[in-house]
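Coordinate analysis (summary)
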Amino acid sequence: MSSSSAAPAAKPPIRDALVAAAFRLFLERGYEQTTVDDIVALAGVGRRSFFRYFPSKEDVVFPDHEGCLADMTAFLAASGAEHEPVRRVCDAARLVLRMYAENTTFSVQRYRLTRQVPGLRAYELSVVWRYERALAEYLRGRFAGRPDGTLRADVIAAAVVAAHNNALRSWLRSEGRGDAGAAVDHALGYVQRTYTRPADAPAARARTGAAGADPREADDVLVLVARRDAPLWRVVQELETALGRG
């Protein structure tokens, strides 16, 4: 063999080959017109191989979400008392963005496809709900025993998902142009400013300890500035936020 001969290109793993074949056919024929038999024929594998990796045709459209959900769950499970909980779930949501940003072309194609096929849109919503549930379960543990702790956890988890997806979908609609990370950071920053309470911060917990408030702070004075025409409920809400009460 001549030393100048090029080595044959390595075949992609079966899972990747199935995803590539599926999206090629979806773009050429349409999602509804493409069958599993069509996909495996183009990928050069059997039906058993397809169902070994994907339970259904819908799953091949979202091949990376199971792994991302597992990463998010592990990330949250590794959290400690030093992690401020709202920031932690925002950081967990950034794992989803990273997954999308790793392959912009594929992510944009999938976004277009899910907009065209109602069944895929419903499937995507079920995936989003699983992310939200993972965030909420972590927050429920952090807010356990507090007044409205479960409600607060569920509301914050929903807000994180809504903010993340608002920025992500804007980026996908732009065909992946611009800085997706900056857009998501801006959206999640809004959630952090809205829902983070001083009592949740590690510094505040270090001062108060497990027994409660630091007696040295008993004479602290809080000054709250509000517009004269601000509704009373807004003033009370700002006061509770400043005091870290819920």
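Above this text sits the structure in question.
Figured I'd write up the structure that's included with this text. (Residues numbered from 1 in each chain as written. Predicted model: local features only at pLDDT ≥ 70, side-chain atom pairs only at ≥ 80, totals over all residues. Heavy atoms only, no water.)

Remarks on the overall build of the protein chain
When helices and strands are counted, the protein chain shows 12 helices and zero strands. For the protein chain, the α and β elements follow one another from N to C terminus as α-α-α-α-α-α-α-α-α-α-α-α. Counting only residues that meet the buried cut, the protein chain has 37% of its 246 residues in that class. Pairs at least 24 residues apart make up 68% of the contacts formed inside the protein chain by residues separated by at least 6 positions. Carbon and sulfur atoms provide 54% of the accessible area of the protein chain, an area that totals close to 14,700 Å². (Helix = DSSP H or I, 4+ residues; strand = E, 2+ residues; numbered from the N terminus. Buried < 20%, exposed > 50% of the residue type's maximum accessible area, 1.4 Å probe, protein only. Contact = heavy atoms within 4.5 Å. Areas by Shrake-Rupley, 256 points an atom, 1.4 Å probe, with all protein chains shown as cover.)

Looking at the nonpolar core
In this structure, Met 72, Val 89, Tyr 131, Leu 135, Leu 139 and Val 160 are the most contacted members of the largest nonpolar core, which totals 41 residues. Among the secondary structure elements, those contributing two or more residues to this core are helix 5 (65-77), helix 6 (85-101), helix 7 (104-116), helix 8 (118-142), helix 9 (149-173) and helix 10 (180-195). Looking at this core element by element, the count peaks at 11 residues for helix 9. Aside from chain neighbours lying at most four places away, what touches Met 72 is Ala 92, Ala 93, Leu 95, Val 96, Tyr 131, Ala 134 and Leu 135. The next biggest cluster of nonpolar side chains, apart from the first, holds 20 residues, and it includes Ala 22, Phe 54, Val 61 and Val 117. (Core = buried A, V, L, I, M, F, W, Y, C linked by side-chain atoms within 4.5 Å.)

Interpretation in functional terms is not warranted from these geometric data alone.
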